Amino acid sequence: TKISTGNYSINFTATFASPPAVNVTPIGSGSCNNSPAPTCGITYSTGCSAGDNINNFSTTGGTTNITNNATGCNGTTTAAANFTAQIVTVPLNGSFNISVQTGGGFAQGFHIWIDFDQNGTFMASEAMWNSGTVGTGAFTGTITIPSSVKCGIYRMRVRCAYNCVPTIAQGCAGTCDAIYGEA
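Now for a look at the structure at hand.

Basis of the calculations
- Residues numbered from 1 in each chain as written.
- Predicted model: local features only at pLDDT ≥ 70, side-chain atom pairs only at ≥ 80, totals over all residues.
- Heavy atoms only, no water.
- Phe/Tyr/Trp six-rings, centres within 6.5 Å; stacked < 30°, edge-to-face > 60°.
- Helix = DSSP H or I, 4+ residues; strand = E, 2+ residues; numbered from the N terminus.
- Buried < 20%, exposed > 50% of the residue type's maximum accessible area, 1.4 Å probe, protein only.
- Core = buried A, V, L, I, M, F, W, Y, C linked by side-chain atoms within 4.5 Å.
- Contact = heavy atoms within 4.5 Å.

Right, let's get into the packing of aromatic side chains. Applying the stated criterion across every chain yields a total of three aromatic pairs. On the basis of an interplanar angle of 85 degrees and a centroid distance of 6.1 Å, the ring pair of Phe106 and Tyr162 is categorised as edge-to-face. Residue Phe106 is found in the loop between β5 (95-102) and β6 (108-114), and its partner Tyr162 is found in strand β9 (residues 152-162); the two are separated by 56 residues along the sequence. For Phe106, a relative accessible area of 27% puts it in the partly exposed group.

The structure is reproduced here in structure tokens:
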């Protein structure tokens, strides 16, 4: 059951979650930045317990890839899950494919950021992909690593929200729906 449209009070509390990572490997020799910062948290008033969750997330096209399917809801209203052991590896200037899907019967929109400056926040300039619309089926896309990125390990945030697509500015706070979702 969904709460009807209206005004709600939302308390935002910062938590430091550890989302999956992107390992950008060097071409030839060189030093890499392998010290990603803890990341900003996300808080929903209900979170994913009503079926508004990221159930399937996977990558293809990397040297190593992520397969994180049938995960269900992480069970918290902070809605930030820890998947640091999951890493997609791509070369500099490379790309990888993503597939993401909700597990519930409610339409979700998705957005993905990569913390390329490793400051622990997911800024608008680090928004790499979004679903463009909402739905319950699988969404797919391709993420290309910008040519300005140096080799290293970078945190990636995958976020869903009920019946709307989070904007590029909503990697750490706010969303089109602050009640239901998961990151």
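So, next bit.
Core analysis: the largest hydrophobic core is formed by 24 residues, its most contacted members being Val22, Phe57, Phe96, Val100, Ile114, Ile145 and Met156. Mapped by element, the contributors of at least two residues to this core are β1 (21-25), β2 (54-60), β4 (87-91), β5, β6, β7 (127-130), β8 (139-144) and β9. Element by element, the count of residues in this core is highest for β9, at four residues. Apart from residues lying up to four places away in sequence, Phe96 is in contact with Val22, Thr59, Thr60, Gly62, Val88, Val90, Ile114, Gly141, Thr142, Ile143, Ile145 and Met156.

With that settled, the discussion passes to the environment of Met128. Mapped onto the secondary structure, Met128 falls in strand β7. Separated by 18 residues in sequence, Met128 and Pro146 place their C-alpha atoms 9.5 Å apart. Aside from chain neighbours lying at most four places away, what touches Met128 is Ile112, Trp113, Ile114, Phe116, Ile143, Thr144 and Pro146.

Interpretation in functional terms is not warranted from these geometric data alone.
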